[in-house]
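One-letter residues, chain by chain:
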Protein chains: 2
Amino acid sequence: MLESLPTPCLVIDGRKMQANIASMATHLAQHNVALRPHLKTCKNIEIAQTMIDPRSGGATVSTLAEADYFFDHGINDLLYAVGVAPGKLAAVSERMTRGMNLTLVLDHPQTARAVAKARAESGCRYRVLLEIDCDGQRAGFKPESAELLEAAEILADADCDVAGVMVHAGGSYLCRTTRCIQEMAIHERTSAVLAAERLRTAGHPAEVVSIGSTPTATFGENFEGVSEVRAGVHVFQDLVMAGLEVCRIDDIALSVLTEVIGHRSSQGQLVVDAGWMALSRDRGRAPSAPDRGYGLVCEPDSSAPGDDELIVHGANQEHGLISHASGKPIDPDRYPIGTRLRILPNHACATAAQHPGYWLLDDEKTEPQWLARCAGW
Amino acid sequence: MLESLPTPCLVIDGRKMQANIASMATHLAQHNVALRPHLKTCKNIEIAQTMIDPRSGGATVSTLAEADYFFDHGINDLLYAVGVAPGKLAAVSERMTRGMNLTLVLDHPQTARAVAKARAESGCRYRVLLEIDCDGQRAGFKPESAELLEAAEILADADCDVAGVMVHAGGSYLCRTTRCIQEMAIHERTSAVLAAERLRTAGHPAEVVSIGSTPTATFGENFEGVSEVRAGVHVFQDLVMAGLEVCRIDDIALSVLTEVIGHRSSQGQLVVDAGWMALSRDRGRAPSAPDRGYGLVCEPDSSAPGDDELIVHGANQEHGLISHASGKPIDPDRYPIGTRLRILPNHACATAAQHPGYWLLDDEKTEPQWLARCAGW
């Protein structure tokens, strides 16, 4: 099947993807907490439909373009999980008027004031989660801060819906051990629950307690007080997730199909037609994981790497350079010009974002199915 | 004008872009050598039309998708400047049958044999440039190698057109001095001329001697024996080019427009709505240039950086983190939530590739014009 596809392209191993989706769903169902999958990784409706928790039906997006695409395909309950820019509020109002059930996120009293002002102007009753910072990595109110209550007050005074809190333990990507991720998960949950309780004590509804990252969702054991968990990259998994032991390398469902176009005989290297345009420039490895350059190469006609690792050590726009991780020269006779290889991505979100869509391979007998991605903002 | 655009988005300063295009055109015209612009940077027809040399009319592309897009918009003479994968020859034949004047590149006798075989099967008379390696950086025959003549012989025996040679001095990106780039330019030219002469001596036409990279095209002073020069990133310029002194920072015509969505007050940092999805993960700085993270931030309502540099030091998918390069905290009152900023890219090709198109600003009085990009393979 792979011989007929145009290279470079993204290939999904359908069985691995379904196993990844099922594994996360089972884990969260066992803890009786809803999954609100983050669709920024897949950006595709067919995949999204298999990820969405049938008990809740909601999803998470990272752009208004994703919100539009999934709304047009029938998903209505959407959390836009990036602090809203005041300049986007008119676009948000327009979508709410069209019937989109869009929840916003913010983490500053200035943004709350911008939302309150837009409420008065547009008549839209915005539904807002207050973002909470649990690890100092990116954004959010400190759970114990005065600004949290100040922002909630501004929103409530303007008759906006202070629906709850959202936290993302992005720091879990920096962990070297599973124990570290478990501690991050505890801190993520307790930060969110504390902030929500403070809001409720101050008289706000705050029924939503939304937490998540794929590592903390995977290793979290206590979801008390949590109403939903967000995870997204688990759908494909990647080398960063394998480096965190969130998955095995064999679980990675996404790869870039490429073809050998040259031999650098004097260096013992191969040239392939997948450069950074197809692989992305993401080098994001987990702190304890080996450096696989721009990706780990699978053996010909296989979705598994060999014992002696081949990696993409260099990348130009449309050229990838492949060498042995050990430094020993590659035998060019083993990889003639025209050989097809699959490359496992460092970061599935970044690699997938370089492509207009995927070829889904369900089994060896079925024709690959094209799945398009949405893009832009 | 910038207040009305949806963020994040790409903005082109039209006057700077036209000055960049004119500067390269003037330099090469003075040396009486044709420009075959590389369109992998802009991927847009309106911009391509202003880059193309009216004396020759040809262009360079890096994917068949670019070839299709530009052919559909009236550009017929196209050099596909990535070693052709045997698996793409059927697609090439199909395009030639539709009237596309597509020139291929290869650098291995195995590929020449694949082209010869396809010639017999499809009936298409492929036009081929043999790629020459001048710096050991990526691909190409050594100019003095036996394999160069072997590949040419295989092609000629199959009645393919051995049209000439192509070389790209990618090593010029690693230079620390202009003198180094000038030496790279000399080596690029002499390697190409030597290889072409060897082909002619062996009885092949080899009328094309195609050289180029934006740095060597800019600083090259001798183009004797060269039939065309390829350059592409000069259209926008970027921080890598500024680091090589190919341009000034003030010449950079491309930026990412973003909005402040948060303050990390305890760290003295800003959060903006341009993450790696909008900026790319490209960190590619020139060897002698300072590290600007994921990009250099311009002052509000300006396309120029301030004296005290702000850089994007961190990036998640849709979040950028901005700090002072000096480490001193940013005064949040100077950048309220909702402030719009422009970010100059490290690598224009990579940043532009993250976006569906550009907003072209010609002057303050004209509405921004949307220019779409082609994408995929």
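Keep in mind that this is a model prediction, so the values were computed, not measured.

A separate point is the sheet that holds strand β3 (residues 59–61) of chain B. Residues and elements named next belong to chain B. Read across the open sheet, the 8 strands follow the order β2-β9-β8-β7-β6-β5-β4-β3; overall the sheet is parallel. Edge positions in the sheet fall to β2 (34–35) and β3, since each has one partner strand and no second. Its contacts with the sheet place helix α3 (residues 64–72) against β3, β4 (77–80) and β5 (101–106), and it is angled at close to 170 degrees to β4.

With that settled, consider the nonpolar core. Tyr80(A), Val165(A), Tyr80(B) and Val165(B) are the most contacted members of the largest nonpolar core, which totals 268 residues. Not counting chain neighbours up to four residues away, the residues in contact with Tyr80(B) comprise Val61(B), Leu64(B), Ala67(B), Leu102(B), Thr103(B), Leu104(B) and Val105(B).

This part covers the interface of chain B and chain A. With 45 residues of chain B in contact, the opposing surface of chain A contributes 45 residues. Counting residues per element, the side of chain B that touches chain A draws most heavily on strand β10 (residues 254–264) of chain B, at 4 residues. Looking at the side of chain B that touches chain A residue by residue, the class counts come to 20 nonpolar, 17 polar and 8 charged.

After a rotation of 180 degrees and a shift along the axis of 0.0 Å, chain B superposes on chain A with an RMSD of 0.0 Å. Classification of the inter-copy transformation places it as that of a two-fold axis. Using C-alpha coordinates, one finds that chain B approaches the rotation axis most closely at Arg281(B), a distance of 2.5 Å. Mapped onto chain A, 100% of the interface residues of chain B are again interface residues, and the two copies thus contact each other with one and the same surface.

Attention now moves to the domain arrangement of chain A. Interfaces are often sized by the accessible area lost when the parts come together. Domains assigned within chain A are domain 1 (2–8 + 247–372) and domain 2 (14–237). Among the secondary structure elements, those contributing two or more residues to the side of domain 1 of chain A that touches domain 2 of chain A are α11 (348–352), β16 (357–361) and β17 (369–372) of chain A.

We now examine the sheet that holds strand β6 (residues 127–132) of chain A. All names here are of chain A. In spatial order, the strands read β2-β9-β8-β7-β6-β5-β4-β3; together these 8 strands make up an open sheet with parallel pairing. Each of the sheet's edge strands pairs with one partner strand only, and the pair in question is β2 (34–35) and β3 (59–61). Two elements, β3 and strand β4 (residues 77–80), share 3 bridges in a ladder whose sense is parallel. Residue pairing across strands places Val-61 opposite Tyr-80, the latter belonging to β4. In this fold helix α3 (residues 64–72) packs onto β3, β4 and β5 (101–106), with an angle of close to 170 degrees to the strand it touches most, β4.

So, about helix α5 (residues 109–122) of chain A. Residues and elements named next belong to chain A. The terminal C-alpha atoms of α5, which comprises 14 residues, lie 20 Å apart, in line with the 20 Å expected from a rise of 1.5 Å per residue. Every buried residue belonging to α5 is among Pro-109, Gln-110, Thr-111, Ala-112, Ala-114, Val-115 and Ala-118, and all of these are buried. Packing partners of the buried residues in α5 comprise α4 (89–97), β5, β6 and α6 (146–157). Positive backbone phi, at 80 degrees, marks Gly-123, one or two positions downstream of α5.

Let us now look at the pairing of strand β13 (residues 305–315) of chain A. Residue and element names in this part refer to chain A. Two elements, strand β12 (residues 296–298) and β13, share 3 bridges in a ladder whose sense is antiparallel. Looking at the pairing, Leu-296 lines up with Ile-311 of β13. What sits between the antiparallel neighbours β12 and β13 is a turn of 6 residues, in which Asp-301 has the positive phi angle 55 degrees. In this structure, the hairpin formed by β13 and strand β14 (residues 320–324) is closed by a connection of 4 residues.

Residues and elements named next belong to chain A. For the bond from Thr-7 to Pro-8, the omega torsion is -10 degrees, close enough to zero to count as cis. Mapped onto the secondary structure, Pro-8 falls in the segment before β1 (9–13). Even without glycine at this site, Asp-159 takes up a positive phi of about 60 degrees. Along the polypeptide, Asp-159 turns up in the loop between α6 and β7 (161–167).

All names here are of chain B. Considering the arrangement of structural elements, one finds Ser-191 in helix α7 (residues 178–201). The class of Ser-191 is buried, set by 23 C-beta atoms lying within 10 Å. For the pair Ser-191 and Cys-298, spaced 107 residues apart in sequence, the C-alpha to C-alpha distance is 41 Å. If sequence neighbours within four positions are ignored, Ser-191 has contacts with Ile-132, Cys-134, Pro-143 and Val-167.

Reading the values: the criteria
- Residues numbered from 1 in each chain as written.
- Chains lettered and ligands numbered in written order.
- Predicted model: local features only at pLDDT ≥ 70, side-chain atom pairs only at ≥ 80, totals over all residues.
- Pairing = 2+ DSSP bridges.
- Helix = DSSP H or I, 4+ residues; strand = E, 2+ residues; numbered from the N terminus.
- Contact = placed C-beta atoms within 7 Å.
- Axes fitted to C-alpha atoms, helices over the stretch in contact; angles between N-to-C directions.
- Core = buried A, V, L, I, M, F, W, Y, C linked by C-beta atoms within 7 Å.
- Buried ≥ 20, exposed ≤ 12 C-beta atoms within 10 Å, placed from the backbone.
- Nonpolar A, V, L, I, M, F, W, Y, C, P; charged D, E, K, R; others polar.
- Least-squares fit on C-alpha atoms with pLDDT ≥ 70 in both.
- Domains from an automatic or database assignment.
- Expected span 1.5 Å × (residues − 1).

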